[in-house]
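# Coordinates in review
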Amino acid sequence: MMIFLWLTALHALRVLSRNRLRTGLTVLGIVVGVGAVIAMVSIGEGAKIAVAERVASMGTNVILILPGAVTTSGVRGGQGGAVTLTTADALELKKRVPLIHEIGWGRRDVLQVVNGHKNWNATVNGISQSYLSIRGWSFVSGGPFTQQDLETAAPVAVLGQTAVDNLFEPGEEPVGTIIRINHVPFRVIGVLAPKGQSAEGRDQDDVIFIPFTTAERKVFGTRFLGAVGALFASTERIEDLDQAVAEIREVLRQRHRLQPDQDDDFIIRTQVDIGKVHEETGQTLTMMLLAIAAVSLLVGGIGIMNVLLVSVTERTKEIGVCMAVGATRQQILIQFLAEAVILSMIGGCLGIVVGMLGVQTTTTLAGWPTIITPETVGAAFVFSLVIGLFFGLYPANKAALLNPIDALRYE
Amino acid sequence: MSALVVCEDIWKIYRLGDVEVQALRGIDLLIEEGEFVAIMGASGSGKSTLMNILGCLDHPTRGRYLLRGVDVAGLGANQLAEIRNRQIGFVFQNFNLIPRTSALENVQLPLFYRGMPLRQQRVLAAEALARVGLQGREGHYPSQLSGGQQQRVAIARALVVSPSLLLADEPTGNLDSTSSQEIMDILSRLNKEQGITIILVTHEIDIAAYAKRELVMKDGRIVADRHIARDASSLSVETS
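All of these numbers come straight from a predicted model, not from anything done at the bench. (Residues numbered from 1 in each chain as written. Chains lettered and ligands numbered in written order. Predicted model: local features only at pLDDT ≥ 70, side-chain atom pairs only at ≥ 80, totals over all residues. Heavy atoms only, no water.)

Per the secondary structure count, chain B includes 7 helices and 11 strands. Within chain B, the fraction of its 240 residues that count as buried is 53%. In chain B, the proportion of contacts linking residues at least 24 apart, taken out of those at least 6 apart, comes to 68%. For chain B, the exposed surface amounts to about 10,500 Å²; the carbon and sulfur share of it is 48%. (Helix = DSSP H or I, 4+ residues; strand = E, 2+ residues; numbered from the N terminus. Buried < 20%, exposed > 50% of the residue type's maximum accessible area, 1.4 Å probe, protein only. Contact = heavy atoms within 4.5 Å. Areas by Shrake-Rupley, 256 points an atom, 1.4 Å probe, with all protein chains shown as cover.)

This paragraph deals with the overall build of chain A. When helices and strands are tallied, chain A shows 13 helices and 12 strands. Sorting the 411 residues of chain A into buried and exposed places 49% on the buried side. Considering only residue pairs separated by 6 or more positions, chain A has 77% of its internal contacts joining residues 24 or more positions apart. For chain A, the computed accessible surface area is about 19,700 Å², with 61% contributed by carbon and sulfur atoms.

Attention now moves to empty space enclosed by the protein. Under the counting rule described, the total for this entry stands at 1 cavity of 30 Å³ or more. Put simply, the largest cavity is a space of about 60 Å³. Contributing to the lining of the largest cavity are A:A324, A:V325, B:R84, B:I88, B:G89, B:F90, B:P110, B:R157, B:A158 and B:V161. Sorting elements by how many residues they give to the lining of the largest cavity places strand β6 (residues 88–91) of chain B first, with 3 residues. (1 Å grid on protein atoms, 1.4 Å probe; cavity = no way out; pocket = protein on both sides within 12 Å on 5 of 7 lines; lining within 4 Å. Points joined across faces, edges and corners; volume = space filled by probe spheres on them.)

At the interface, 26 residues of chain A touch 27 residues of chain B. For the pair chain A and chain B, the summed buried surface comes to about 2,300 Å²; carbon and sulfur atoms form 60% of the total. Our count for the chain A to chain B interface comes out at 1 salt bridge. Between B:E105 and A:R14 there is a salt bridge whose closest N-O contact spans 2.4 Å. (Buried area = accessible area lost by both parts, 1.4 Å probe. Salt bridge = Lys/Arg side-chain N within 4 Å of Asp/Glu carboxyl O.)

Here we come to the pairing of strand β8 (residues 197–201) of chain B. All names here are of chain B. Most of β8 is tucked away: 5 of the 5 residues are buried. Residues of β8 alternate between two faces, with T197, I199 and V201 on one and I198 and L200 on the opposite face, all of them buried. By the bridge criterion, 4 bridges tie strand β3 (residues 36–41) to β8 in an arrangement that is parallel. Bridging across to β8, I39 finds its partner in V201. Note: strand β7 (residues 165–169) against β8, 5 bridges, orientation parallel. Bridge pairing links L166 to I198 in β8. (Pairing = 2+ DSSP bridges.)

Quick look at the packing of aromatic side chains now. Counted under the stated rule, the structure contains 9 aromatic pairs over all chains. Seen from their ring centres, A:Y131 and A:F209 are 5.4 Å apart, and the 50 degrees between their planes marks the pair as tilted. Highlighted residues: A:Y131 in helix α4 (residues 131–134) and A:F209 in strand β10 (residues 207–211), separated in sequence by 78 residues. As far as the burial class goes, A:Y131 and A:F209 line up, both buried. With 5.6 Å between their ring centres and 5 degrees between their planes, B:F90 and B:F92 make a pair best called stacked. Residue classification places B:F90 among the buried residues on the basis of a relative accessible area of 9%. (Phe/Tyr/Trp six-rings, centres within 6.5 Å; stacked < 30°, edge-to-face > 60°.)

With the rule as written, the count across this model stands at 21 salt bridges over all chains. A salt bridge links A:R253 to A:D264; its shortest N-O distance comes to 2.4 Å. Of this pair, A:R253 sits in helix α8 (residues 241–255) while A:D264 sits in the loop between α8 and β12 (266–270), and the two are 11 residues apart along the sequence. For B:E182, the salt bridge identified is with B:R152, shortest N-O distance 3.4 Å. Of this pair, B:E182 sits in helix α6 (residues 177–194) while B:R152 sits in helix α5 (residues 147–159), placing them 30 residues apart in sequence. Under the relative-accessibility criterion, B:R152 is labelled buried at 14%. Taken together, the shared-partner salt bridges connect A:D89, A:E92, A:R96 and A:R255 into one network.

Moving on: the sheet that holds strand β4 (residues 62–67) of chain B. Picture the strands of a sheet paired through backbone hydrogen bonds; they go either parallel or antiparallel. Residue and element names in this part refer to chain B. With antiparallel pairing, 4 strands are arranged side by side in an open sheet as β2-β1-β4-β5. The open sheet terminates on both sides in strands that have one partner only, identified here as β2 (19–32) and β5 (70–71). Here 5 bridges tie strand β1 (residues 3–16) to β4, and the two strands are oriented antiparallel to one another. Across the sheet, residue V5 finds its bridge partner in β4, namely L67. Strands β1, β2 and β4 of the sheet are contacted by helix α1 (residues 47–54), whose axis makes an angle of about 125 degrees with β1. (Axes fitted to C-alpha atoms, helices over the stretch in contact; angles between N-to-C directions.)

Moving on: the nonpolar core. A:I332, B:V5, B:Y65, B:L67, B:Y113, B:L165 and B:I199 are the most contacted members of the largest nonpolar core, which has 76 residues in total. Beyond its immediate chain neighbours, meaning those up to four positions away, B:I199 contacts B:I31, B:V37, B:I39, B:M51, B:L54, B:L165, B:L166, B:L167 and B:A168. Of all hydrophobic cores here, the second largest spans 40 residues; its members include B:L104, B:V132, B:I186 and B:A211. (Core = buried A, V, L, I, M, F, W, Y, C linked by side-chain atoms within 4.5 Å.)

This paragraph deals with the pairing of β3(B). All names here are of chain B. With 6 of its 6 residues buried, β3 lies for the most part within the structure. Of the two faces of β3, the one carrying F36, A38 and M40 and the one carrying V37, I39 and G41 are both buried. When β3 meets strand β9 (residues 213–218), the two strands line up parallel, connected through 5 bridges. Residue G41 lies in a different strand from β9, and its bridge partner there is M217.

Okay, here's the thing in structure tokens:
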């Protein structure tokens with residue numbers, strides 16, 4: 001049986017190589033289909049990982065607490081419509097929620113920043129000392145400000161890469177320079193390593209960090225001391241996030257004296273939530289592209305079926321001869337199935353090559369991140385094989401069910 | 001000698017729409033091993049139908065067909081295929097070689113369906129080709145061979161399985177007289193020297209004359225069954 005299968009495969013290859021043009025045209029559909037599958041999945045996977053990296057760049061185990069809507073006499077203010085979070089909240093949370101590893105806070109505003117004759121509007125963040133480590137920032141030169149800088153509201157600043165690019169000449173060393181933020185002179189003490197875009201597409205590097213105390217007392221001004229734009233808490237482990245979120249909510253509701261029937265006046269989000277949304281978007285895209293690929297594979301399969309049906313008719317007499325010399329129906333079936341499968345496998349292999357080239361080109365030309373996994377290639381190959389089997393079955397069965405006498409007489 | 005083919009009251013009835021066609025109407029036949037039988041008769045007399053049944057390509061509607069004592073009627077499609085593969089060799093009027101496939105590979109065909117290893121297939125096929133005088137032409141395609149040579153390839157394909165029964169359906173019908181003679185010489189030699197049982201269908205009397213026994217069919221019945229003494233001088237014909 002093994003010998004028969006092996007010889008059948010060889011025979012099918014010979015039959016197909018006799019008619020190269022027809023074979024080539026037949027596999028074209030499969031080539032396009034498999035190529036599309038490879039390209040789409042690779043681009044989809046690449047995009048997914050890029051999103052995951054961006055989410056991770058914001059810190060994966062970070063809990064973001066934002067001021068929420070305040071309902072006053074039934075009128076609900078919008079998000080951030082009121083100052084409801086303070087540094088005191090942060091300190092209380094740190095005390096009462098042991099799962100919190102670090103807690104930080106910040107307030108931001110877009111302000112004009114001037115260095116010499118250059119000016120730039122950057123997001124200026126007034127932050128607590130732990131903020132940078134919670135969000136996973138690192139330095140390319142200089143370093144962070146100290147607890148003492150915070151206590152004394154020192155005029156020191158840490159710059160993101162985009163801010164540096166826009167305020168300094170190329171090659172100029174920012175650390176030690178004096179810049180003006182909203183007319184207040186600040187000494188640059190550190191430059192941050194670039195992080196790229198956030199998951200929302202915002203340039204995370206277009207940023208300047210200054211001590212929170214300096215910000216509220218000298219730059220932003222404040223309605224009351226300690227009001228923050230956002231709190232950032234981190235846990236040691238990602239698995240603790242949900243528990244920590246629940247406890248934070250409880251503590252904040254108590255502190256804000258919210259009745260059980262009142263909505264939260266704050267919003268808690270984690271990067272995991274944000275990441276999920278992006279992953280779902282990516283999956284929708286991948287599924288859509290896969291559907292397109294499936295349609296072209298279907299068309300390719302129908303092409304194979306069509307060519308095989310013609311081939312069965314053309315070779316009716318041959319089939320009769322084979323049956324006369326002792327071919328069983330199963331053997332005839334296997335012979336034609338082998339042709340279908342080999343056709344689709346040739347298409348599959350060519351499609352994999354075409355897909356990989358396409359992916360390479362996409363990466364080089366469009367600069368999209370792509371990832372070709374062995375699973376993708378394997379799945380595409382198996383898929384083409386299944387297409388061959390499925391669409392080969394009908395013509396092969398037709399051949400196998402021929403009556404040998406009629407087949408022999410067929411002209 | 002032992003009975004190779006035993007037919008007992010074989011009927012074959014086709015339905016063509018509403019019309020019932022009785023192609024065979026009670027065939028009784030006994031052929032022993034080593035016989036060389038010619039079946040003659042007008043077209044529509046049931047010769048080909050009988051050949052198809054003898055070749056296990058078709059089932060009789062009624063009656064029993066024993067091949068080497070085995071009742072063929074009771075066998076399934078796969079067992080019939082195996083009998084065709086191991087016991088029966090076919091030679092057709094229009095050769096029925098597989099186009100664009102070398103002579104050697106055409107002869108290998110029955111062995112291929114046995115799942116025989118390729119090397120062994122080639123050895124046996126080359127031997128069979130040599131037996132019909134085609135050594136050196138293994139690589140030729142049917143289109144490169146004359147009609148007579150093509151028919152010899154077909155004979156080699158029938159021979160390669162060492163069949164108990166060789167069925168030839170008008171093997172010279174498409175050949176000129178020289179080639180016909182060549183083919184008939186080969187068949188006679190195979191019958192005489194190797195004792196292969198041959199059943200031959202033909203229209204032509206001079207072709208039938210190569211056989212040792214002659215059956216004449218008419219309207220689905222055997223109407224004459226003559227044994228022919230094979231010394232050319234006295235053509236004594238016994239009628240059964």
